[in-house]
Amino acid sequence: MPKRATQIILNEKEQEGLTQISRRHRSEQQVARRSRIVLAAAQGQSNAGIARDLEINVDTVRMFRDRWVGLQGIDLETLSIAERLHDAPRPGVQPRITAEQRCQIAALGCSAPAKAGRPISQWTGREIAEEVMAQGIIEQISPRHAARLLKKGGSNRTASAIG
């Protein structure tokens, strides 16, 4: 026998907030879709019906319906409606190099080595790693990783040496 869908009962504040998020043009599409799932579930629609209407997988509907019910016990001051609709934290190790540090490395790679006081015509992995650590952008980085970050960032080390 199939499992019955979890019932959602929304208070007036939750209903209003979810409706506002689902209609706002600047809302992220994932968040807007999740708010539509919760609103439809509160109206008593089945998971399969919501999935069919929104053209998404029924497992997605079930997951967000259950997630909403699990978070409903927390008051809105602690966890806002928008925060309830965002992705759950992902497993795994957090990256050690931030986006800001990547930008600083890319900017350094795009500048001429002579500006950093290096007597070379173009950056090498070893040189860029030493300079990144000397400037205090990152405490420790291998030459290979520094070169790989420059390659991912799309900087052109030969063109940057020319100016």
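Residues numbered from 1 in each chain as written. Predicted model: local features only at pLDDT ≥ 70, side-chain atom pairs only at ≥ 80, totals over all residues. Heavy atoms only, no water.

Draft legend 1. Quick look at the pattern of salt bridges. On inspection of all chains with the given rule, the structure shows eight salt bridges. Across the pair aspartate 87 and arginine 34 runs a salt bridge whose closest N-O atoms are separated by 2.6 Å. Residue aspartate 87 is found in the loop between helix 5 (81–85) and helix 6 (99–110), and its partner arginine 34 is found in helix 2 (residues 29–42); the two are separated by 53 residues along the sequence. We classify aspartate 87 as partly exposed; its relative accessible area is 42%. The buried category is assigned to arginine 34, whose relative accessible area is 8%. The residue aspartate 59 makes a salt bridge to arginine 62 at a minimum N-O spacing of 2.7 Å. Residue aspartate 59 and its partner arginine 62 are both found in helix 4 (residues 58–71); the two are separated by three residues, about one turn of the helix. A residue is classified by how much of its surface remains accessible, and aspartate 59, at 46% relative accessible area, is partly exposed. Salt bridges sharing partners connect three or more residues here, namely Arg118, Arg126, Glu127, Glu130 and Glu131. (Salt bridge = Lys/Arg side-chain N within 4 Å of Asp/Glu carboxyl O. Helix = DSSP H or I, 4+ residues; strand = E, 2+ residues; numbered from the N terminus. Buried < 20%, exposed > 50% of the residue type's maximum accessible area, 1.4 Å probe, protein only.)

Draft legend 2. Just the side chain of glutamate 127, in detail. If you trace the backbone, glutamate 127 turns up in helix 7 (residues 125–134). On the basis of relative accessibility, which here comes to 10%, the residue glutamate 127 falls in the buried class. Within the local environment of glutamate 127, its side chain forms a polar contact with the side chain of arginine 118, the two groups lying 2.8 Å apart. In this structure glutamate 127 touches Arg118 and Ile120, once residues within four positions along its chain are discounted. (Polar contact = N/O pair within 3.5 Å; in protein donor to acceptor, adjacent residues only side chain to side chain. Contact = heavy atoms within 4.5 Å.)

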